[in-house]
Amino acid sequence: MTCASCVSHIEKSLQKEAGILSVLVALMAGKAEVKYNPEVIQPLEIAQLIQDMGFEATVMEDYTGSDGDLELIITGMTCASCVHNIESRLTRTNGITYASVALATSKAHVKFDPEIIGPRDIVRIIEEIGFHASPAQRNSGAHHLDHKVEIKQWRKSFLCSLVFGIPVMGLMIYMLVPSHEPHEAMVLDRNIIPGLSILNLIFFILCTFVQLLGGWYFYVQAYRSLKHGTANMDVLIVLATTIAYTYSFVILVVAVAEKAERSPVTFFDTPPMLFVFIALGRWLEHVAKSKTSEALARLMSLQATEATVVTLGEDNLIVREEQVPMELVQRGDVIKVVPGGKFPVDGKILEGNTMVDESLITGEAMPVTKKPGSIVIAGSINAHGSVLVNATHVGNDTTLAQIVKLVEEAQMSKAPIQQLADRFSGYFVPFIIIISTLTLVVWIIIGFIDFGVVQKYFPTHSKHISQAEVIIRFAFQTSITVLCIACPCSLGLATPTAVMVGTGVAAQNGILIKGGKPLEMAHKIKTVMFDKTGTITHGVPKVMRVLLLVDVAMMPLRKVLAVVGTAEASSEHPLGVAITKYCKEELGTDSLGYCTDFQAVPGCGIGCKVSSVEGLLAHSESQQSKQAAPPSRAGSAPEEIDGTPQTFSVLIGNREWMRRNGLTISSDVSDAMANHELKGQTAVLVAIDGVLCAMIAIADAVKQEAALAVHTLKSMGVDVVLITGDNRKTARAIATQVGINKVFAEVLPSHKVAKVQELQNEGKKVAMVGDGVNDSPALAQADVGIAIGTGTDVAIEAADVVLIRNDLLDVVASIHLSKRTVWRIHLNLVLALIYNLIGIPIAAGVFMPIGIVLQPWMGSAAMAASSVSVVLSSLQLKCYKKPDLERYEAQAQGRMKPLTASQVSVYIGMDDRRRDSPRATPWDQVSFISQVSLSSLKSDKLSRHSAAADDGGDKWSLLLNDRDEEQCI
């Protein structure tokens, strides 16, 4: 395919065939997506139809083994008995649902349940029978990315045309250079026979060879195009060269037949020069096109071809190592990755510490520290020591494979503006043929009516040429030049080249844009709606503050943490998990004491007995100077006596829970809790052995870059809205921290969709940023849905843009890149339109009164240059650099301030009435009960994995949530 006319030709022709439901052809990707009825037509038949149109087409296969679909090459089969033996053995195996073996092609197609059996197990079964099996090579279509075939083809065509074009160019220059001696200038004009000069004979021979050798490809393509009732760029080229050759041949034959004294002036020089410039232009065009897909090609090159699978023995010692093709790597395999090697799968590190370069996948420039338990991504580079990785995602389920798939799908899609250009290109060739014909007729009429006009602006070199011949020659010259200069290719390439480069650059910067439509739409966004939990905040409760309420000598902070951590370890509530995690980190240990008599009360808190925490403190106490034990007194926590472990009675909960257990809360403590609660944090109290020892403030912390992202969006003229299902107090507190003035709290998922529709009805373009299942309807409804890469698979599927790095500043970057890309598309289209709107009239002779006249070869050179210039213009997007954090901070310096509660308007549900910030009353401070209890009852229990990906991983989870906190900053 060379231009949008080829795309239109394939789409229209296929849609006429029975059984074809829809067709989408991508010029730059070199792919077609066809939906068909398998009862009527098969993929191979569709490919043959495309081949009959004059294009090369093959069916893309996708049997990778990771999703339960595997294709194998089997050698050693000799008869149908071998086929039956393999099929029967496979179908009897638990986990294999389908097996089909073809003797003629030596291929086997197997469907299986990857949870029960893996591709390597299937290969082993076949080899046990006595045959050899290996994964079939898949035709993924990746070879289209580098355009090697096209580059080689057009380079050959250019060199072939150049062999004949150089002599023609030399003769043209020779005839243009004036000679000092008159007889020398006439040497090549001398007749061999009457009517045939030496010059015309040489031109005729060269042109005939060029037509046969250099132009055969254009003639074949033009024939196939016309055969199917369409016209592409090749038709114009063939029409121009054929007219020039035929006209020249006819007048030359007539001159010889009439034994004319002088040989006529011909256009034999036009076809060689035209083919030279067209072939050169398309060669350079495909070289430039290959650069547009470098980002995707680079991503695909990160995919490993094989992995080192190891077998572990006792004490996790390596017993055996085996090099296995990636198609046969199974979930649960242990992979060894050496320094400098690629991680072939997504997984968790079992053994070893290292630094990992993820820059080509997530866009994160700094290496990330990895240790046992850390998540690694396929395609990232192991910088240091060897590590063992447990494969959790293989094949098409890896993060890298999903990124590649999303980018491929994005480059297959068409932006709305491209669809308009494609429709225009479909009518362009017939329109140019009509203009060329009109140009021929008009100049013939003008010439015979007023020959002086033609003679003035088209002087002839010889007075022996007749008036009619001058008129006809000039009319054909302008007509042929119109055919040569017209270029629908530049219009067809303006959008897809920019989209391909733009989506590739975005992917390199950790932003996955699913197609041309969201890329084109993002720059129009006027309102951005942010979800709160997991989007503005981290989505995981975190201890913000621990306030010790007793003398350190009575109860050291580390002892409080040891007791509290042990108590909360028995709770499955997210807040309990957060407290336990914090205590373990502060104590530097993974083991805690023992908890008995655990009790949870909904809406209040927990109570239990804790013992054996002394060992937790031994290490830290050995690092500090030993302190004398304080004298025991009533109410103090007892120390270990006579070596007997002490048991602590622990209560953790809200005010009400403490009151129920007879504890008094002072006004200072209550005020401290109220201050944290006004910030959207949950404050809980800790009592040990009847003494109120500590207050712990827990919150879903706001992301560090959230306020800066909101400020930057506002500075770009974008309205920012916070929409959440959380209560109004928490929503207001978060909004004041990040600088959002308008908040919708306590909304249902359906309310989020309604709010998006409401803003759209006002004529605004809306972007929705979210990460959860409850955000997916709004993500789908919004003009641009933006999902956080660590979010749920449903949200990622519904969104138009996916942020791999979970960085809200990438929301700004996606809008910024969209503006750059759309500006480049508009520039390309303007250049293409101006070229045609100006070039065609010049070629037609409209500007002849001011002395501008083009030869046909000049038009072909201009046409070739136009396509190359559009592609080179799109390649300028590769220079795009996403603004870094320092740049955003410099722009916001001195202007970014948190809001006060009175500056935030809060609306409840679908109610648009503003709820002003209420004043805190003494009753509020006394009666406030934490919104989230520390109960472990099922009715109030959230899975610990609600904010982190499951170990098995969802198929569409781009990145797992439990990313390392050791990332270099």
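Definitions and cut-offs
Residues numbered from 1 in each chain as written. Predicted model: local features only at pLDDT ≥ 70, side-chain atom pairs only at ≥ 80, totals over all residues. Heavy atoms only, no water. UniProt positions renumbered as here; feature names shortened; annotations may be inferred. Pairing = 2+ DSSP bridges. Helix = DSSP H or I, 4+ residues; strand = E, 2+ residues; numbered from the N terminus. Axes fitted to C-alpha atoms, helices over the stretch in contact; angles between N-to-C directions. Contact = heavy atoms within 4.5 Å. Parallel < 35°, antiparallel > 145°, perpendicular 65-115°, else oblique. Left-handed = near helix turned anticlockwise from the far one by under 90°. Nonpolar A, V, L, I, M, F, W, Y, C, P; charged D, E, K, R; others polar. Buried < 20%, exposed > 50% of the residue type's maximum accessible area, 1.4 Å probe, protein only. Arc of directions from axis to C-beta. Phe/Tyr/Trp six-rings, centres within 6.5 Å; stacked < 30°, edge-to-face > 60°. Core = buried A, V, L, I, M, F, W, Y, C linked by side-chain atoms within 4.5 Å. Patch = residues over 30% accessible without salt bridge, like charges linked within 9 Å, V, L, I, M, F, W, Y side chains within 5 Å. Areas by Shrake-Rupley, 256 points an atom, 1.4 Å probe, with all protein chains shown as cover. Salt bridge = Lys/Arg side-chain N within 4 Å of Asp/Glu carboxyl O.

As recorded in an unreviewed UniProt entry, the protein goes by the name Copper-transporting ATPase 2, listed as coming from Mustela putorius furo. According to the UniProt record, the Subunit (unreviewed entry) comment for the protein is "Monomer. Interacts with COMMD1/MURR1. Interacts with DCTN4, in a copper-dependent manner. Interacts with ATOX1. Interacts (via C-terminus) with ZBTB16/PLZF." The UniProt entry for the protein carries the following comment under Catalytic activity (unreviewed entry): "Cu(+)(in) + ATP + H2O = Cu(+)(out) + ADP + phosphate + H(+)".

Draft legend 1. Representation of the sheet that holds strand 4 (residues 96-102) in the model. If you walk across this open sheet you meet the 4 strands as 4-5-3-6, and the pairing is antiparallel. Unpaired on one side and paired on the other, strand 4 and strand 6 (132-135) mark the two borders of the sheet. For this sheet, the mean inter-axis angle between neighbouring strands, taken without regard to orientation, is 25°. Relative to strand 5 (residues 107-112), strand 4 runs antiparallel, the two sharing 6 bridges. Paired with Val101 across the strands is Ala108, a residue of strand 5. In the packing of helix 3 (residues 80-91) onto the sheet, the strands contacted are strand 3 (69-75), strand 4 and strand 5, and the crossing angle to strand 4 comes to about 170°.

Draft legend 2. Structural context of the packing of helix 3 against helix 4 (residues 119-129). Following both chains from N to C, one finds helix 3 and helix 4 inclined at 135°, their axes separated by 10 Å at the closest point. Of the possible angle classes, the one that applies to helix 3 and helix 4 is oblique. Note that helix 3 runs across helix 4; the crossing there is right-handed. Judged by residue contacts, Asn85, Ile86, Arg89 and Leu90 of helix 3 engage Ile122, Ile125, Ile126, Glu128 and Ile129 from helix 4. Considering only residue class, the contact of helix 3 with helix 4 consists of 6 nonpolar, 1 polar and 2 charged.

Draft legend 3. Examining the sheet that holds strand 27 (residues 742-745) more closely. Taken together, 8 strands build an open sheet; the order of strands is 18-30-29-28-19-26-27-31 and the sheet is mixed. Pairing within the sheet leaves two strands with one partner each, and these edge strands are strand 18 (511-513) and strand 31 (905-908). If you compare each strand with its neighbour and ignore which way they point, the axes differ by 20° on average. Strand contacts of helix 30 (residues 809-843): strand 18, strand 19 (527-531), strand 28 (766-770), strand 29 (784-788) and strand 30 (801-803), with the helix running at about 50° to strand 18, the strand carrying the most contacts.

Draft legend 4. Here's a closer look at helix 2 (residues 43-52). Every buried residue belonging to helix 2 is among Ile46, Ala47 and Ile50, and all of these are buried. Around the axis of helix 2, the buried residues are gathered within 100° of arc, so they sit on the same side. Considering only its buried residues, helix 2 is in contact with helix 1 (4-15), strand 1 (20-26) and strand 2 (31-36). In the segment just after helix 2, Gly54 is the residue with positive phi, at about 110°.

Draft legend 5. Focus on the packing of helix 25 (residues 706-715) against helix 30. At a closest axis distance of 8 Å, the pairing of helix 25 and helix 30 adopts a crossing angle of 30°. Classified by the interaxial angle, the pair formed by helix 25 and helix 30 is roughly parallel. Contacts between helix 25 and helix 30 involve Leu708, Ala709, Thr712 and Leu713 from the former and Leu809, Val811, Val812 and Ile815 from the latter. In terms of residue class, the contact of helix 25 with helix 30 is built from 7 nonpolar, 1 polar and no charged.

Draft legend 6. Structural view of the packing of aromatic side chains. As enumerated under the stated definition, the model contains 10 aromatic pairs in all. Ring centres of Phe204 and Phe249 lie 5.9 Å apart, and the angle between their planes is 25°; on these two criteria the pair is classed as stacked. Separated by 45 residues along the polypeptide, Phe204 in helix 7 (residues 198-214) and Phe249 in helix 9 (residues 233-257) bring together distant segments of the chain. The class for Phe204 is partly exposed, based on a relative accessible area of 24%. With centroids separated by 4.8 Å and ring planes inclined at 85°, the aromatic side chains of Trp443 and Phe474 adopt a geometry described as edge-to-face. With a gap of 31 residues between them, Trp443 in helix 14 (residues 416-449) and Phe474 in helix 16 (residues 467-485) connect regions that are remote in the sequence. For the pair Trp443 and Phe474, a shared accessibility class is recorded, and that class is buried. Each member of the aromatic cluster is reached from another via a ring pair, and the members are Phe204, Tyr245, Phe249 and Phe268.

Draft legend 7. The arrangement of the nonpolar core in detail. Judged by nonpolar contacts, the single largest core of 144 residues is most densely connected at Val528, Phe530 and Leu713. Of the residues forming this core, the biggest block, 12 residues, is contributed by helix 30. The contacts of Leu713, once residues within four sequence positions are left out, are Val528, Phe530, Val718, Val720, Val811, Val812 and Ile815. Residues Leu70, Ala99, Val110 and Val356 belong to the second largest nonpolar core, which totals 38 residues.

Draft legend 8. Here's a closer look at the UniProt feature "transmembrane region" (unreviewed entry) in the protein. Residues annotated by UniProt as "transmembrane region" (unreviewed entry) correspond here to residues 158-177, 197-219, 231-257, 263-284, 427-454, 474-494 and 829-851. From the first C-alpha to the last, residues 474-494 spans 33 Å; its make-up is 90% helix and 0% strand. What you have in residues 829-851 is 65% helix and 0% strand, and the ends, taken at the C-alpha atoms, are 28 Å apart.

Draft legend 9. Highlighting a nonpolar patch on the surface. There is a patch of nonpolar side chains on the surface, built from Phe424, Val830, Leu833, Ile834, Leu837 and Ile838 and spanning about 550 Å² of accessible area. It is helix 30 that contributes the most residues to the nonpolar patch, 5 residues altogether. Assignment of secondary structure puts Ile834 in helix 30.

Draft legend 10. Examining the pairing of strand 24 (residues 682-688) more closely. The element strand 24 is extensively covered by neighbouring structure, given that 7 of its 7 residues are classed as buried. Relative to strand 24, strand 23 (residues 647-653) runs antiparallel, the two sharing 4 bridges. Looking at the pairing, Gly653 lines up with Leu685 of strand 24. Relative to strand 25 (residues 691-702), strand 24 is paired through 7 bridges, and the arrangement is antiparallel. Pairing of Leu685 across the sheet is with Met695, part of strand 25.

Draft legend 11. Broad picture of unusual backbone geometry. One non-glycine residue, Glu746, lies in positive phi territory at about 55°. By the secondary structure assignment, Glu746 is in the loop between strand 27 and helix 27 (749-761). Owing to a relative accessible area of 33%, Glu746 belongs among the partly exposed residues under this scheme. Notably, Asn806 is not glycine yet its phi reads approximately 60°, a positive angle. Among the structural elements, Asn806 can be located in the loop between strand 30 and helix 30.

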